Amino acid sequence: MTILSGLANDIFGILELGGRIFRNREVLRYSYIPDSLPHRENEIQTIARILISSLKGHTPSNIMIYGMTGTGKTVVSKLLMKALQDKSDLIRSTAQKTFLDLGHELNDPELSRLLDISLKVLDFEEIWGKGLSNILHKPVKCIYINCQQMDTQYRVMTQIANRLANYNDEDRLPVSGLPIDEVHSRLLEKLEDSNSLLIIIMDEIDRLVYKSGDDILYTLTRINEDLEKSRVSLIGISNNLNFLDYLDSRVKSSLGAEEIIFDPYNAPHLRDILAHRSEEAFYPEAVDMDVISHCAAIAAQENGDARKALDLLRVSAEMAERDHSPKLSDMYVKQAQKKIEMDRVSQVVRTLPLQSKIVLYSILQLKIAGRIKTTTKEVVETYSFFSDRLDLTVLGRRQVVNLMNELDKLGLIQTKVISFGRHGRTTVIEANVPGTEIINNMHNGLLSKLKGVKPRLIYNTTF
Ligand code: ADP
Ligand code: MG
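Given the structure is predicted, the values throughout are model-derived calculations rather than measurements.

1. Concerning the sheet that holds strand β6 (residues 373-375)
Ordered by their spatial adjacency, three strands build an open sheet running β6-β8-β7, and the pairing between neighbours is antiparallel. The open sheet has two free edges, formed respectively by β6 and β7 (413-419), since each of these has just one partner strand. Pairwise comparison of adjacent strand axes, ignoring direction, gives a mean angle of 35 degrees for this sheet. Looking at chain direction, β7 and strand β8 (residues 425-431) are connected through seven bridges and run antiparallel. Residue pairing across strands places threonine 415 opposite isoleucine 429, the latter belonging to β8. Those strands touched by helix α17 (residues 376-389) are β6 and β8, and its axis lies near 80 degrees from that of β6. Relative to the sheet, helix α18 (residues 397-409) contacts β7 and β8, its axis offset from that of β7 by approximately 115 degrees.

This is how it looks when you write it as structure tokens:
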């Protein structure tokens, strides 16, 4: 009992000591949607101007949004989606309240039906005005689809249909197994039943098309021809600017009716974005502007990716908090930068094919043994030694060279040809990643058998 309460005291002691940096951690998570997005005001206005016609009962043009990773495409579209949905709901609830005041109790389908009927009555239009009757005509519904996950025609169609269904509806479509024609007709049915103006956001749309072709886009861009009561409008989001070139020309002209490009952020932009988020995320004394500028400057060099800037700030703050430091300093930013880079490299290394792993492992072992710069011959011999130790098929020199070229492309090593004049030329290989840390990370699975095994041959060539 005493031990337990002592332990509990300790845990709370630690927690109490921490918590001097973060006021609200949620604010730095990917899923968080801030209420304002600095340096995207123009893009938001442009898209809003297109979408506003939906509130007047018209179908907005389809939109394509392009921009590199971390330029705010997803967060901007989610913010707009929420604002549009809220506005449409507000208009309808106001109308509902008006009918209630007049003594009618209505649910939404009844409201739609009544408005439909009322629209045909001259008086109604005269009283409400044509603009307002259009506004009240159809609810706007927004559906967000991440096409990296929903990457087939079947999955996209069922996803849309099921988002329109009630949660425990019996006629929700199964995630697989139906003929595609059936899914298509059930989707049409659901769309019609919803009697709405549907805005479908298809994020990472380029991935869907690379994986499954553009049939689904052909279907969706023409679906209004088969609908009577409902209308569909699409917003495609792509990291790749040339995405439309891959599409059928009819899909291309429909989907790209409006095109909007998100430029990468520069360092001052990122500084403003981070500063804005920091106000909510941190205690006021915990983070100074120069630390924020430092994070922004680093991320600006890496393609102006706001996600990387936010990651750097978040990881730095976590490190400072773990140290019970009252302040986030540049030292933590440097440490965080290292940690993020190590995590990235470890992730790349983890997903390498086994033989590539052993080639990299050999280069890193040579590095630790003092051969920071090494040669193809040394790598091939060391690789053969380790491969043999693991009872694997030992690949020939040419294949090892191919694997080294792959590792070079991934940025894990660097290969350079050096000329020795009349003594000929040689390829010099150098690892771009820290030896000991990566080697330790690689000592799992089959490669754990290599723990403590040193490369057999050490040469003395100098370059
Ligand atoms: P993309 O979809 O273009 O790859 P995201 O919309 O996912 O980029 O943005 C990456 C991260 O940066 C998200 O956490 C997002 O909230 C944030 N972000 C991007 N632009 C802004 C901005 N202008 N203001 C605040 N946060 C932003
Ligand atoms: Mg995105």
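There's more to say after this.
2. What about the pattern of salt bridges?
Close approach of charged atoms allows side chains with opposite charge to pair. Counted under the stated rule, the structure contains 21 salt bridges. Close ionic contact of glutamate 381 with lysine 377 constitutes a salt bridge, the shortest N to O distance being 3.6 Å. Within this pair, glutamate 381 and its partner lysine 377 are both found in helix α17, separated by four residues, close to a single helical turn. When its relative accessible area of 26% is taken as the criterion, glutamate 381 is described as partly exposed. For lysine 409, the salt bridge is made with glutamate 406, and the minimal N-O distance between the two is 3.7 Å. In this pair, lysine 409 and glutamate 406 are both assigned in helix α18, three residues apart and thus about one turn of the helix distant. Judged by its relative accessible area of 67%, lysine 409 falls in the exposed class. Three or more residues are tied together by salt bridges with common partners; here these are Asp151, Arg155 and Lys211.

3. Things to note about the environment of phenylalanine 243
Looking at the secondary structure, you find phenylalanine 243 in the loop between β4 (231-238) and α11 (249-255). Judged by relative accessible area, which is 0%, phenylalanine 243 ranks as buried. The spatial distance from the C-alpha of phenylalanine 243 to the C-alpha of methionine 64 is 9.9 Å, given a sequence separation of 179 residues. Apart from residues lying up to four places away in sequence, phenylalanine 243 is in contact with Met64, Tyr66, Ile205, Asp206, Val209, Leu217, Ser238 and Leu255.

4. A look at the nonpolar core
Residues Val156, Ile160, Met202, Leu217, Phe243 and Leu255 are the most contacted members of the largest nonpolar core, which totals 35 residues. In terms of residue count, helix α7 (residues 153-164) provides more of this core than any other element does, six residues in total. Not counting the four nearest positions on each side in its chain, leucine 255 is found in contact with Asn62, Ile63, Met64, Ile205, Leu217, Thr221, Leu234, Phe243, Leu244 and Leu247. Counting 34 residues, the second-largest nonpolar core is a separate cluster that includes Met404, Leu412, Val433 and Leu447.

5. Describing the packing of α7 against helix α8 (residues 180-194)
Direction vectors running N to C along α7 and α8 enclose 30 degrees, while the axes themselves pass 9 Å from each other. It follows that α7 is roughly parallel to α8 by the angle criterion. At the point where α7 passes α8, the crossing takes the left-handed sense. Across the interface between the two elements, Gln153, Tyr154, Met157, Thr158, Ile160, Ala161 and Leu164 from α7 touch Ile180, Val183, His184, Leu187, Lys190, Leu191 and Ser194 from α8. A class-by-class count of the residues in the contact of α7 with α8 yields nine nonpolar, four polar and one charged.

6. Structural notes on the confidence of the model for the protein chain
Scored by pLDDT, the protein chain has a mean of 88; 86% of the residues are at 70 or more. Counting contacts from residues 1-6, a segment whose pLDDT is below 50, to residues more than four positions away or on other chains yields zero contacts.

7. Focus: the sheet that holds strand β1 (residues 63-67)
The strand order β2-β3-β4-β1-β5 describes an open sheet built from five strands, whose pairing is parallel. Each edge of the open sheet carries a strand with a single partner, namely β2 (140-146) and β5 (258-262). Each neighbouring strand pair of the sheet contributes to a mean axis angle of 15 degrees, computed without reference to strand direction. Pairing analysis gives six bridges linking strand β3 (residues 197-203) to β4, with the strands arranged parallel.

8. Side note on the site of ligand 1
As a matter of local geometry, ligand 1 sits amid 17 residues, with Gly70, Lys73, Thr74, Tyr265 and Arg277 nearest to it. Separating an oxygen atom of ligand 1 from a backbone N or O atom of threonine 71 is a distance of 3.1 Å. In the environment of ligand 1, an oxygen atom lies 2.5 Å from a nitrogen or oxygen atom belonging to the side chain of arginine 277. Protein chains bury 96% of the 550 Å² of accessible surface belonging to ligand 1 in isolation. Secondary structure elements with two or more residues in the shell around ligand 1: α3 (73-101), α12 (267-281) and α14 (306-322). Of the residues assigned to the shell around ligand 1, the class counts are eight nonpolar, five polar and four charged. When residues of the shell around ligand 1 are assigned to domains, at least three fall in each of domain 1 (41-262) and domain 2 (265-348).

9. Section: the packing of aromatic side chains
Considering all chains together, one arrives at four aromatic pairs under this definition. On the basis of an interplanar angle of 80 degrees and a centroid distance of 5.4 Å, the ring pair of tyrosine 210 and tyrosine 246 is categorised as edge-to-face. Here tyrosine 210 is found in helix α9 (residues 205-212), whereas its partner tyrosine 246 is found in the loop between β4 and α11, with 36 residues between them in sequence. The class for tyrosine 210 is partly exposed, based on a relative accessible area of 42%. Arranged with centres 5.2 Å apart and planes meeting at 85 degrees, the rings of tyrosine 361 and phenylalanine 386 form a pair that is edge-to-face.

What counts as what
- Residues numbered from 1 in each chain as written.
- Chains lettered and ligands numbered in written order.
- Predicted model: local features only at pLDDT ≥ 70, side-chain atom pairs only at ≥ 80, totals over all residues.
- Heavy atoms only, no water.
- Pairing = 2+ DSSP bridges.
- Helix = DSSP H or I, 4+ residues; strand = E, 2+ residues; numbered from the N terminus.
- Axes fitted to C-alpha atoms, helices over the stretch in contact; angles between N-to-C directions.
- Contact = heavy atoms within 4.5 Å.
- Salt bridge = Lys/Arg side-chain N within 4 Å of Asp/Glu carboxyl O.
- Buried < 20%, exposed > 50% of the residue type's maximum accessible area, 1.4 Å probe, protein only.
- Core = buried A, V, L, I, M, F, W, Y, C linked by side-chain atoms within 4.5 Å.
- Parallel < 35°, antiparallel > 145°, perpendicular 65-115°, else oblique.
- Left-handed = near helix turned anticlockwise from the far one by under 90°.
- Nonpolar A, V, L, I, M, F, W, Y, C, P; charged D, E, K, R; others polar.
- pLDDT = per-residue confidence, 0-100.
- Near = heavy atom within 4 Å.
- Polar contact = N/O pair within 3.5 Å; in protein donor to acceptor, adjacent residues only side chain to side chain.
- Areas by Shrake-Rupley, 256 points an atom, 1.4 Å probe, with all protein chains shown as cover.
- Domains from an automatic or database assignment.
- Phe/Tyr/Trp six-rings, centres within 6.5 Å; stacked < 30°, edge-to-face > 60°.

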